[in-house]
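Topology and contacts: notes
If you want the building blocks of each chain, they are given just below.
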Amino acid sequence: MRSILGAPGTPIQAYDQDAWAKEGNYGKRDARKSLEQFRVLREMNLALVKSLTPEQKKRFGMHAERGEESIDRLVLMMAGHDINHTEQVEQILKRKK
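Quick caveat: nothing in here was measured; it's all calculated off a predicted structure. Residue numbers here run from 1 along each chain, matching the order of that chain's written sequence. Reporting of local features is limited, given that this is a predicted model, to residues whose pLDDT is at least 70; pairs of side-chain atoms are given and counted only at 80 or more, and all residues count toward the totals for whole chains, interfaces and linings. Each side-chain value is derived from all of the structure's non-hydrogen atoms; neither hydrogens nor water enter the calculation.

Turning our attention to the environment of M77. Helix and strand assignments come from DSSP, with helices taken as H or I runs of at least 4 residues and strands as E runs of at least 2, each series counted from the N terminus. Among the structural elements, M77 can be located in helix α5 (residues 71-79). Pairs of residues are marked as contacts when any of their non-hydrogen atoms sit within 4.5 Å. Setting aside chain neighbours within four positions, we find M77 in contact with R66 and E69.

A pair is scored as a salt bridge if a Lys or Arg side-chain nitrogen falls within 4 Å of a carboxyl oxygen belonging to Asp or Glu. Tallied over the entire structure, the rule returns four salt bridges. E43 is paired through a salt bridge with R39; the nearest N and O atoms lie 2.5 Å apart. Within this pair, E43 and its partner R39 are both found in helix α3 (residues 31-51), separated by four residues, close to a single helical turn. What makes R39 partly exposed here is its relative accessible area of 37%. Note that R66 and E69 form a salt bridge whose closest N and O atoms lie 2.4 Å from each other. Looking at R66, the relative accessible area reads 48%, which means it is partly exposed. Think of it in three bands: with a 1.4 Å probe and only protein chains considered, a residue is buried below 20% of the maximum accessible area for its type, exposed above 50%, and partly exposed in between.

Relative to the helices and strands, T10 resides in the loop between α1 (2-6) and β1 (11-12). Residue classification places T10 among the buried residues on the basis of a relative accessible area of 17%. Apart from the residues lying within four places of it in its own chain, the contact partners of T10 are S3, I4, F60, G61 and M62.

Before going further, it helps to spend a moment on α3. Each residue after the first adds 1.5 Å to the expected span of a helix. For α3, built from 21 residues, the straight-helix expectation of 30 Å at 1.5 Å per residue is met to within 8% by its first-to-last C-alpha distance of 30 Å. The N-capping residue of α3, defined by a side-chain oxygen 3.0 Å from the backbone nitrogen of R32, is D30. Two N or O atoms form a polar contact when they lie within 3.5 Å of each other; inside protein one atom must be a possible hydrogen donor and the other a possible acceptor, and for residues adjacent in sequence the pair counts only when both atoms belong to side chains.

Side-chain atoms within 4.5 Å link the members of a nonpolar core, which is a set of buried Ala, Val, Leu, Ile, Met, Phe, Trp, Tyr and Cys residues. Among the nonpolar cores identified, the biggest contains nine residues, and these are M1, I4, L5, I12, L48, V49, L52, I71 and L74. Secondary-structure elements contributing two or more residues to this core are α1, α3 and α5. For L52, the contacting residues outside a window of four places in its chain are L5, K57 and I71.

At N25, a position not held by glycine, the phi torsion is positive, near 55 degrees. Checked against the element boundaries, N25 lands in the loop between α2 (17-23) and α3.

Listed below in structure tokens is the structure:
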């Protein structure tokens, strides 16, 4: 979002989330610290989104796989992302019981 605000039309690079997790050693990180980092970043992003004008929310970048993506679209895609991951963690924890 910040790149799009600063340079509308900027390329948005696709990435392999599994490779990020593996190479970033996500499985070995402290879960509480990771959750706190996520919370802080989410608060920062929410504050940014709430501060934007309707015109700013229409600015877009060009995703390498999906094409034009506005800030409005990115916000919609991210809105339920944390819920999805929370449900994944709950399923993993249920299997471990």
